[in-house]
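So the chains spell out like this:
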Amino acid sequence: QVQLVESGGGSAQAGGSLKLSCSASGYIFSRCGVMMWYRQAPGKERELVSSINNDGTRTYVDSVKGRFTIAQDNAQNTLYLQMNDLKTEDTAVYYCAAPIRVAFYSGRYHVVCDDSRNYWGQGTQVTVSS
């Protein structure tokens, strides 16, 4: 079964940096063409922060443009989010996500690309103080 595991979160001062990583078992990140980072702050809805396509195309929410960089290492099957010039507003739980669903049939699990569904990791906490 697919498992996504985020790491690299922690505490930082405003203006500092953190680098998040996401690793996977049971899933190759390039399979469905895109990987994403989301975040959820207390009292807020989960927000798409960044995405990266297999062709290298990257997107960022306006609030992090120029500060965050998404990258994918296909050889290591690892997704990264480099976060620079952190602000207190970046405080949130950060999740990596794949556009997949996992179906069980014929006695085994099958991974299906599905852009209407996101598959999440457990998240990693980022706390930024001033």
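Scroll up for the structure.
Residues numbered from 1 in each chain as written. Predicted model: local features only at pLDDT ≥ 70, side-chain atom pairs only at ≥ 80, totals over all residues. Heavy atoms only, no water.

A. Here's a closer look at the pattern of salt bridges. In total, this model carries five salt bridges according to the counting rule given. Close ionic contact of E47 with R39 constitutes a salt bridge, the shortest N to O distance being 3.0 Å. Under the relative-accessibility criterion, E47 is labelled partly exposed at 28%. Residue R39 is joined to D90 by a salt bridge in which the shortest nitrogen-to-oxygen separation is 3.0 Å. Here D90 lies in the loop between β8 (78-83) and β9 (92-98) and R39 lies in strand β4 (residues 34-40), a separation of 51 residues in the sequence. One connected set of salt bridges, linked through shared partners, spans R39, E47, R67 and D90. (Salt bridge = Lys/Arg side-chain N within 4 Å of Asp/Glu carboxyl O. Buried < 20%, exposed > 50% of the residue type's maximum accessible area, 1.4 Å probe, protein only. Helix = DSSP H or I, 4+ residues; strand = E, 2+ residues; numbered from the N terminus.)

B. Local environment of the environment of S30. Mapped onto the secondary structure, S30 falls in the loop between β3 (18-25) and β4. Look at S30 and you get partly exposed, because its relative accessible area is 26%. Between the alpha carbons of S30 and A41 there is a distance of 28 Å; along the sequence they are 11 residues apart. Setting aside residues up to four positions removed in sequence, S30 forms contacts with N54, Q72 and N74. (Contact = heavy atoms within 4.5 Å.)

C. Here's a closer look at unusual backbone geometry. Even without being glycine, D85 reaches a positive phi, approximately 50°. Here D85 is to be found in the loop between β8 and β9. Positioned with a positive phi, S106 is a non-glycine residue whose angle comes to about 55°. Position of S106 among the secondary structure elements: in the loop between β10 (100-105) and β11 (108-113). We classify S106 as exposed; its relative accessible area is 69%.

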